[in-house]
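# Structure assessment
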Amino acid sequence: MRLLDARRLTGVNLDLDGPGAIAEVEFEAGDDVARAIAAWRDAVARAARLLGWDAPPVVRRWLGDRGAALVFPAPPDALYVAVNVTEWAVECAQRALVGEPPRELDELAPTLLAARERERLAVLPALQAAAEAHGVPLLLDDDHLSLGEGARSRVWPRALAPAPADVPWDSLAPIPVALVTGTNGKTTTARLLARIARTAGHVPGNTSTDGLAVAEQVVETGDWTGPGAARIVLRDPRVTFAVLEVARGGILRRGLAVDRCDAACITNVSADHLGEHGIDDLAAMARVKAVVTRVVAPHGRIVLGADAPIAVPGPSGMSPGTLPSEHASSNMSDRSPTGAAGSRLDAAGDMSSGTSSVAVAAATPQPNPLLDLPADAFPAPVVWFSRDPQHPQLRRHRAAGGEVWFVSPAGQLTRGRGDEPDVAVVAIDELPFCFGGAATHNVANALAAAALAAAVGLPDAAIAAGLRSFVDNPGRAQLVALDHAKLFLDFAHNPAGIAGLAPLLAQIRAGARLLVSLGIAGDRRDDDIRDIARAVASLGPDLVLTRDLEHYLRGRQPGEVPALLEQSFIGLGIACERVESEVAAIRRGLEWARPGDVIAILVHVDRDEVWAELRARGVAPEAGEDRSGRPGAA
């Protein structure tokens, strides 16, 4: 038995409804798993009695008993002590496995008790009770305590936390808070909701994979999807509306920042990051994402995507002479106005076929694990969305009186509720980021954002106006006219996300050649990397450039991931070369490109370097923003 990690859980998480401590352990062949877990439980129980805690332990055993998550609740002002406890308890379990007596708690007790007193915030229980009585959110971290949210909040240094009688309760209150998670589309959906909120007169605070923004102005760049970022937004005195992107990693490593929100959305769940933290399949990943639903207030809404993940053909469907250029979602109707992934809407709204001449390989339908979540356990009503108005889940939900969002046969983003008349909110053809409907993934993101906006009471006029005005989505489906070629920048980094670009790239290339450059983070399994290569092949590229993501090697050796990708592409009969960076890929692409060819940079992370290169070539940043959404526009 080996300890992989012991850490604090600062909020609602996969295993607990509040803070606590977790130990992730890996078992070795021959370990008596039941004995190890029993020893850990016993040790935690003894330490909890010493510290005066009610700490019922939770054990989540991993597939095949290769490991387990050992978890127990703890007071929010005692989490470092709780980590010490679980490390000691794991040691007790390790000793039990080899027949040694446990290390006596008496040896550790003085250290634990002293540490508990140093960490304790004496006024916290009284403040928690008063905050609950006043309906005011309370946030606590290592440095600060805050009451209320955003413009209705106040922050104190932790050591100077006030007594309840000294708090100006009448000036404190919650603000609207929406959580957005999912495998793909989180950042765009959150940005869309922030734009709608701002259009409605709010000052939105937004956390995302790309940075932290207030009033849609970036305050900090980087991956800001954890609870620390959420607390920054929720303590900003300018913010009147919070849109918090919540990533899988943050949920598993720390938990949520809030224990209440007004709406939560899961855009979709597909294969990515499987095998980490004991999460091995889509059903388990869906349960991770569904943590956000547990904090939705009863008056709120839970927004779920009904469409299945994009299906990527397996090796049997791939050959040098038969490379798929299009995919249809397994539950998309032929009547859908956005069409199958190899089709597009022309300027008049009519369906026209994709331009690629390569054959289409059959795709195995993928299950949507969100459909299997236990709806009766949700604390608030569910709203389903799909591009397909005839999706079976939407029809069932609406027949039961529920709310649904879809794209009508006339191409309108539409709300339906029970037997009420449909409400058309805005035409997809009016949304620049949807490229006339060819960017089917962004059509789904627009539906998700609109459903969230309606869930928190934003008016239809603001939803329509906000979506119409959204033209700048940095690093996501950015199209730039560059010299004699077209440059396409996107963050797609997993099979579903990459394959989902097929209809948009087919429209953009309009019969021209396609170069795809990509790098993959090293924490993917070898099979996952091969699946990504097959997804890239589904785009029908004429040349692929591979590269390392030097800041995301994550345990891999330099060159290891590009070599795996190249093996796959060679086996698929696709020409490939290796480059050092995104900038090098652009330069090589321009050498290769004929007039009208498309250079697609996927897993676009070197934004500053790329735009420095583009400015040096005379491209202004706004050149990537002026997109009409009409087919062929750049």
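Quick summary incoming for the structure in this document. (Residues numbered from 1 in each chain as written. Predicted model: local features only at pLDDT ≥ 70, side-chain atom pairs only at ≥ 80, totals over all residues. Heavy atoms only, no water.)

### Things to note about the pattern of salt bridges
Applying the stated criterion across every chain, the model contains 44 salt bridges. Through salt bridges with shared partners, one network takes in Asp483, Arg587, Glu613 and Arg617. (Salt bridge = Lys/Arg side-chain N within 4 Å of Asp/Glu carboxyl O.)

### With respect to the environment of Arg61
Among the secondary structure elements, Arg61 is positioned in strand 3 (residues 58–61). Along the chain, Arg61 and Ile37 lie 24 residues apart, while their C-alpha atoms are 9.7 Å from each other. Leaving out residues up to four positions away in the same chain, Arg61 has contacts with Val33, Ile37, Gly67 and Ala68. A distance of 2.7 Å separates a polar atom in the side chain of Arg61 from a polar atom in the side chain of Asp65. (Helix = DSSP H or I, 4+ residues; strand = E, 2+ residues; numbered from the N terminus. Contact = heavy atoms within 4.5 Å. Polar contact = N/O pair within 3.5 Å; in protein donor to acceptor, adjacent residues only side chain to side chain.)

### What to know about the sheet that holds strand 23 (residues 514–518)
A sheet is described by the order of its strands in space; here 6 strands give the open sequence 21-22-26-23-24-25, paired in mixed fashion. Of all the strands in the sheet, the pair left with one neighbour each is strand 21 (478–482) and strand 25 (576–578). Here the average twist between neighbouring strands, direction ignored, is 20°. Note: strand 22 (residues 485–489) against strand 26 (residues 598–601), 4 bridges, orientation parallel. Residue Lys486 lies in a different strand from strand 26, and its bridge partner there is Val598. With respect to the sheet, helix 15 (residues 560–571) is in contact with strand 23, strand 24 (543–546) and strand 25, its orientation differing from that of strand 25 by roughly 165°. (Pairing = 2+ DSSP bridges. Axes fitted to C-alpha atoms, helices over the stretch in contact; angles between N-to-C directions.)

### So, the packing of helix 5 (residues 186–199) against helix 10 (residues 440–455)
Look at helix 5 against helix 10: their axes get within 9 Å of each other, and the N-to-C directions meet at 45°. By the angle between their directions, the pair helix 5 and helix 10 is classed as oblique. Viewed along their axes, helix 5 and helix 10 form a crossing whose handedness is right-handed. Contacts between helix 5 and helix 10 involve Thr188, Thr189, Leu192, Leu193 and Ile196 from the first element and Asn442, Asn445, Ala446, Ala448, Ala449, Leu452 and Ala453 from the second. Classifying every residue of the contact of helix 5 with helix 10 by side-chain character gives 8 nonpolar, 4 polar and no charged. (Parallel < 35°, antiparallel > 145°, perpendicular 65-115°, else oblique. Left-handed = near helix turned anticlockwise from the far one by under 90°. Nonpolar A, V, L, I, M, F, W, Y, C, P; charged D, E, K, R; others polar.)

### Details of the packing of aromatic side chains
As enumerated under the stated definition, the model contains 1 aromatic pair in all. Taking NZ or CZ as reference, Arg513 lies 4.0 Å from the ring centre of Trp592, over its face. (Phe/Tyr/Trp six-rings, centres within 6.5 Å; stacked < 30°, edge-to-face > 60°. Lys NZ or Arg CZ within 6 Å of the ring centre and 35° of its normal.)

### With respect to the pairing of strand 21
Burial analysis of strand 21 places 4 of its 5 residues in the buried class, the great majority of the element. Both strand 21 and strand 22 contribute to a ladder of 5 bridges, which runs antiparallel. Its bridge partner lying in strand 22, Gln478 is registered against Leu489. A loop of 2 residues connects strand 21 with strand 22, the two strands running antiparallel in sequence, and Asp483 in this loop sits at a positive phi of about 50°. (Buried < 20%, exposed > 50% of the residue type's maximum accessible area, 1.4 Å probe, protein only.)

### Section: the sheet that holds strand 1 (residues 2–9)
Sheet strands associate in pairs through backbone hydrogen bonding, adopting either a parallel or an antiparallel arrangement. Taken together, the 4 strands give an open sheet; going across it, the order is 1-2-4-3, and neighbouring strands pair in antiparallel fashion. Each having just a single partner strand, strand 1 and strand 3 make up the two edges of the open sheet. Going from strand to strand, the sheet's axes swing by 15° on average, the running direction of each strand aside. The sheet contact formed by strand 3 and strand 4 (residues 67–73) spans 4 bridges and is antiparallel. Bridge pairing in strand 4 places Arg61 opposite Ala68. Packing against the sheet, helix 1 (residues 33–51) makes contact with strand 3 and strand 4, and its axis sits at approximately 155° to strand 3. Of the strands in this sheet, strand 1, strand 2 (20–26) and strand 4 touch helix 2 (residues 79–97), which is tilted by about 160° from strand 1.

### Focus on the pairing of strand 24
Covered by surrounding structure in strand 24 are Leu543 and Leu545 together with Val544 and Thr546, the residues of both alternating faces. Taken together, the 4 bridges between strand 23 and strand 24 define a ladder with parallel strand orientation. Bridge pairing links Ser517 to Leu545 in strand 24. Read from strand 23 through helix 14 (residues 526–537) to strand 24, the crossover connection turns out right-handed. Bridge count between strand 24 and strand 25: 3 bridges; the pairing is parallel. The residue of strand 25 that forms the bridge with Val544 is Cys576. Between the parallel elements strand 24 and strand 25, the chain passes through helix 15 in a crossover that is right-handed. (Right-handed = clockwise from strand over helix to strand, strands pointing away.)

### Some thoughts on helix 8 (residues 282–289)
Summarising burial for helix 8: 6 of the 8 residues are buried, a large majority. Here helix 8 has its buried residues at Leu282, Ala284, Met285, Ala286, Val288 and Lys289.

### Quick look at unusual backbone geometry
Negative phi values dominate among residues other than glycine, just as trans dominates among peptide bonds. The phi dihedral of Phe435 is positive, around 50°, even though this residue is not glycine. Along the chain, Phe435 falls in the loop between strand 20 (423–427) and helix 10. Classification of Phe435 as buried rests on a relative accessible area of 1%. In this structure, Ala510 takes a positive phi of about 45° despite not being glycine. Checked against the element boundaries, Ala510 lands in the loop between helix 13 (502–509) and strand 23. Residue Ala510 is classed as exposed on the basis of its relative accessible area of 52%.

Any functional reading would require information beyond the geometric quantities listed.
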